[in-house]
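Architecture at a glance
So you can see what is in the structure, the chains are spelled out below.
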Amino acid sequence: MEMTLPILILAIPITMFLILGIGGVYMSKKMAGVLGILGMGVTMCIAYYVALTYFFSGDPAFIDAQGLRLQVPVFDWLWLAFTNALQVKLGFLLDPISAMMLIVITTISFMVHLYSWGYMEGEKGFQRFYAFLSLFSFSMLGLVVATNIFQMYIFWELVGVSSYLLIGFYYKLPSAVSASKKAFIVTRFADLGFLIGILILSFYCKTFDFIPITNDPTSVLASTGGATFMGASVLTWALVLIFVGGMGKSAMMPLHIWLPDAMEGPTPVSALIHAATMVVAGVYLVARMFPLYLIEEASLLFVTCVGAITAFYAAVVACCQIDIKRVLAFSTISQIAFMMVALGVARPELHDGFGYMASMFHLFTHAMFKALLFLGAGALIHAVHSNDYTAMGGLRKYMPITHWTFLIGCLAIAGIWPFSGFFSKDEMLAAMFANHWFWGAWMTMVAGLTAFYMFRLYYLIFWWEENPHYKEHKPHDAPWQMSLPLIILAAVSCVAGFIPFGEFVTWNRMPYHIHIELPVAATSLTVAILAIALATVMYRKKNPIPSRLKAAMPGLWQAAHRRFYWDEIYMFITHKIIFNIICKSIAWFDRHVIDATMDGFAKITQKTSFAIRGMQSGSIQTYIVWYFLGAVLLAGITWICIF
Amino acid sequence: MFSNFLIWFVIVPVLMLIGLGLCRNSSMKAIRTVMVVGSTILLAMSLWLCVDFLAQRAAGAADEMLFTGSWMWYEPLNIHLAVGVDGISVLMLILSSVIVFAGTFASWKIDPLPKNFFLWFTLLSTGVFGFFISIDMFTMFMFYEVALIPMYLLIGVWGTGRKEYSAMKLTLMLMGGSAFLMLGLFGIYWHSSADPNSLTWNILEISNNAAIDPGWQNYLFCLTFVGFGVLGAMFPFHTWSPDGHACAPTAVSMLHAGVLMKLGGYGCFRIAIFLLPQAANELAWFFIILTGISIVYGAFSACVQTDLKYINAYSSVSHCGMVLFAILMLNTTAMTGAILQMLSHGLMTALFFALIGMIYGRTHTRDIRQMGGLMKIMPYLGVCYMIAGFASLGLPGLSGFVAEMTIFFGSFEHADTFHRVFVIAATCSIVITAVYILRVVGKLLLGPVQDEHHLKLTDATWFERVATITLIVCIAAIGCFPNWINETIQHSFTPIIEVINQAANSGAMASVM
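A quick note: this is a predicted structure, and the numbers were derived from the prediction, not measured.

What follows concerns the overall build of chain B. Scanning chain B from terminus to terminus reveals 19 helices and two strands. The C-alpha atoms of chain B give a radius of gyration of 22 Å, which matches the 24 Å a tight globule of 513 residues would have. Overall, the C-alpha framework of chain B stretches about 75 × 55 × 45 Å when taken along its three principal axes. Within chain B, buried positions represent 61% of all 513 residues. Put simply, of all contacts in chain B between residues at least 6 apart along the chain, 80% involve residues at least 24 apart.

And the structure:
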């Protein structure tokens, strides 16, 4: 492949960022919007061209005679050489998962750019918003095409900062400021794990590049020489620590606390960053290093457990949230955890490791329908000016486009045939059952919960009881810039399930023929339909069942509503212990012990000189007395010395 | 003598001093002209030096130091004015001239006594430039003192708050450091050669002679490392830094944190490590503990401060601790990281102090609890402050990231538990740094406006923009294209690493025998 096009995929967004960021003040809103959308549109076309060429051209550079898809570093420039062996490069790696991610990111990003034109129209700082969106797109694209783990880390930090800037977009609101701070610090903490993981890994491999590491994992293992630390091999430690970085970005327990708060950002941002792209970076990271994880099954087990616990926790919490964006946020956490479990249970001996394929498939379909749901939520918020479902209800008559597209999104996430979520979820569940029945059963339950809380949300927004405020302020569908992305994404969510995904993306890059596993599909479909039926009974029309249920279990409801007090626990640790006890006592120690000692030297010097200055009295008589005393003393000493 | 290019780095500031002396007290225009012309010439000279240096290296000049020159100054003690630069000094000269340039613009409206201020300011920079070009320990020390003394007057006269106390404290503590240093340097001189008739102050000759016996090396290493370490704000000798910085006027804070603290790191590595390699190998562990504490301790202390300057002073303790920490790792990668960190810290702290000065000039407070929402009122300064903050917390694309990563990866080459523990403790600072930086950014720039009087304030003026943009461009240039710096300095480490390895081997031999 020519180098020009891939470079443009990265160059256009960063150029847009610089143009809009520096020159934005001097531009009209319209100009900035058009520039941003145009830039992203062109990037999307190029990315599609590159990805489609990679998948379909049949060029021997991309696929060999056996059907193995090759990993192609299109370019790889030296950026910084730590030592002669350990070099950081900035490059562009084209392989199945990065090509797929190119499509996902540019599509969603373009939809969000378009959507924001309508959504952000009245906002101050419109230009700044587009500049940050471009910065994010650049960073995310750079992350997925990374040729080495250090490049990934670089862009990993950059997406973190773009996310910080966008969450805090409404910077005059204290809640947005603290949410952005929280997001950055929590993910930074996770990145510390990532960094230490890279340090350990690169210490043994002497390289950052993915291709040698993932193609020859046994030699990586050999290079560690069987070193262990606290009972686990150093490679396991490295992989687990790297995964901790992924847990931070992908909001896995216990580092999930930033994502619900991140909903303070504008809704298009939530759709782009906190639903479809950045938060799946952790999944992508594990997928990228997958052959290495396979070598150390303990690390994969860790991934599976974290995913399984998180998926269940987030699904339960999602059932009790009032803010519709928070419901979607917890749903995102739960779905990403699903992908993690699917990756964690994948083994080459189980149907050619199709858990990996299923996970990537779900990443793809989830990005589409979750972005759709978030953008739909944005349209709702835009119409009723509130985030809570209590301000909604009965909206299906007023906002038909939003209603139908939202419904499609809900059906897709619930896993109803023939929507896209059905296919990817079925593959994932099949992979889990293949590994161990427990994972399958557990995650089927989570899938049921998913269907329940999504339809709870759907009914509470569009059915239930019409809100009386509509009489004064009649809600209506959003302008075309906002509706068009909804329709497109809904259409994609309807058909994406029929993509023969296994032909394109598998763990060993060989084609795999997907087939529906009927027993698994039937089980999950039944569970989903039952859950939807339950939600229909409870929430379709206004009735007392939900409040009675709440009254029956007030403690559980309250705990789930408060997200099982994770935020309070963190608050206690960070504010009470770290800030008040550690930081303050160190600062006190510095002023009152170290500095006081230094001042003490000065004081002692001063005191001493005060004490002895009386000897310099200026009176001749005293001096003469001292003179004679000194003379006698000297004479005495001399006398003793001589005799 | 005047044909040597390096000597002009001292002559130009002296000419500036003369020019300033000729200006009338009230003539702001003349004073500014002298300063701007002089600092621009210095900047151009340092850039040209870098280009010329790289060209000579490319042409195959393999000497350790280029542009060398040596002139007898005081025969009985064999003191020379000896100059020469390697890649590291070249970069330090660029850093100094950038900061002098930016500092000139940042103190555009200094009041009172502008002429006297700039006289002392220029004298200070003379000392700094002289220090970096010297390869004779005595002249190096002399220039070091020249840079130190004006600080007392600059803080005492033009400072704010408890300025007399802080000026006194800073000067006394640094002079205390100099006392150690002087002892150390004299000790090195007396042992510099096996032949008592050819004792020398010249760094290169001392290193070649390698005549200092290991027992003496240990004492001398402690003396010189502590002496320079005081200036590098090493725990527990860092307490001058918060008070001193907090009371110093803007340009002085910039120059002090930006360049003067680098004298400490540079000296540690040029004298303590290079001339006393055996002691460095033997005693590094002790100073790794101290500097490791500095890194974490400074960062934690910064978290609870409420005065902007105190926050940056403690953050400097943490970041400068990183410089000394990396130097003590005694390998090429970590030392490269140390130099990068010196550059990076110099630039971003200068930017921080410049911005704090500009904000303080408008709001008349540095207490973050009394400010808020300044981003809305002065967007330009707010954005600059954020960029400085991001550089400080290590955002890729800005200088801090490159420096810290090079240090971490270099330090991780040591496989023993002791080093591992301290390296991992040092990496924790990236999280703590993020905490205190975002705390300040959140309180100072974002959120609602705290004080209604602030609504009337204006954004940056043109001279303030010149100062900040110069620094930001440098920060971004290092962050985006770090490898040219690596290439510039790598060659300079070869002799140092060589002597350290030799020392390590001979030490091992001695212990076997």
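Turning next to the interface of chain A and chain B. On the side of chain B, 38 residues touch chain A, which itself brings 37 residues to the contact. Only strand E1 (72–81), helix H5 (149–167), helix H6 (174–205) and helix H24 (566–612) of chain A provide two or more residues apiece to the side of chain A that touches chain B. Among the elements that take part in the side of chain A that touches chain B, H6(A) stands out by supplying twelve residues, more than any other. In the side of chain A that touches chain B, the residues fall into 28 nonpolar, two polar and seven charged.

Okay, the packing of helix H2 (residues 28–58) of chain B against helix H3 (residues 87–106) of chain B next. All names here are of chain B. In contact at an axis separation of 9 Å, H2 and H3 are set at 160° when each is read in the N-to-C sense. When the axis of H2 is compared with that of H3, the two are roughly antiparallel. Of the two elements, H2 crosses H3, and the hand of that crossing is left-handed. Note on element contacts: H3 touches H2 through Val90, Leu93, Ile94, Ser97, Val98, Val100, Phe101 and Thr104, opposite Met35, Val36, Ser39, Thr40, Leu42, Leu43, Ser46, Leu47, Leu49, Cys50 and Phe53. The residue makeup of the contact of H2 with H3, split by class, is 14 nonpolar, five polar and no charged.

This next bit is on unusual backbone geometry. Most peptide bonds take the trans form, and the phi angle of most residues other than glycine is negative. A cis amide bond, omega 0°, links Met253(A) with the succeeding residue Pro254(A). Along the polypeptide, Pro254(A) turns up in the loop between helix H9 (234–249) and helix H10 (258–261). With an omega of 0°, the peptide bond running from Phe235(B) to Pro236(B) counts as cis. Along the chain, Pro236(B) falls in the loop between helix H8 (214–231) and helix H9 (240–247). Of note, Ala233(B) is a non-glycine position whose phi angle comes to about 55°, a positive value. As for its position among the elements, Ala233(B) is in the loop between H8 and H9. The class for Ala233(B) is buried, based on 31 C-beta atoms found within 10 Å. With a phi angle near 60°, His364(B) is a residue other than glycine that sits in the positive phi range. Turning to its location among the elements, His364(B) is positioned in the loop between helix H13 (332–363) and helix H14 (374–377).

So, on to the packing of helix H10 (residues 250–275) of chain B against helix H12 (residues 308–327) of chain B. Packed helices, taken two at a time, are described by the angle between their axes plus the distance between the axes. Residue and element names in this part refer to chain B. Running from N to C, H10 and H12 cross one another at 20°; their axes reach a closest spacing of 10 Å. The pairing of H10 with H12 is recorded here as roughly parallel in orientation. The chirality of how H10 crosses H12 is right-handed. The residues of H12 that touch H10, namely those facing Ala257, Met261, Gly265, Cys268, Phe269 and Ile273, are Ser316, Cys320, Val323, Leu324 and Ile327. Among the residues making up the contact of H10 with H12, the classes are represented as nine nonpolar, two polar and no charged.

Calculation rules
Residues numbered from 1 in each chain as written. Chains lettered and ligands numbered in written order. Predicted model: local features only at pLDDT ≥ 70, side-chain atom pairs only at ≥ 80, totals over all residues. Helix = DSSP H or I, 4+ residues; strand = E, 2+ residues; numbered from the N terminus. Rg over C-alpha atoms; globule rule 2.2 N^0.38 Å. Buried ≥ 20, exposed ≤ 12 C-beta atoms within 10 Å, placed from the backbone. Contact = placed C-beta atoms within 7 Å. Nonpolar A, V, L, I, M, F, W, Y, C, P; charged D, E, K, R; others polar. Axes fitted to C-alpha atoms, helices over the stretch in contact; angles between N-to-C directions. Parallel < 35°, antiparallel > 145°, perpendicular 65-115°, else oblique. Left-handed = near helix turned anticlockwise from the far one by under 90°.

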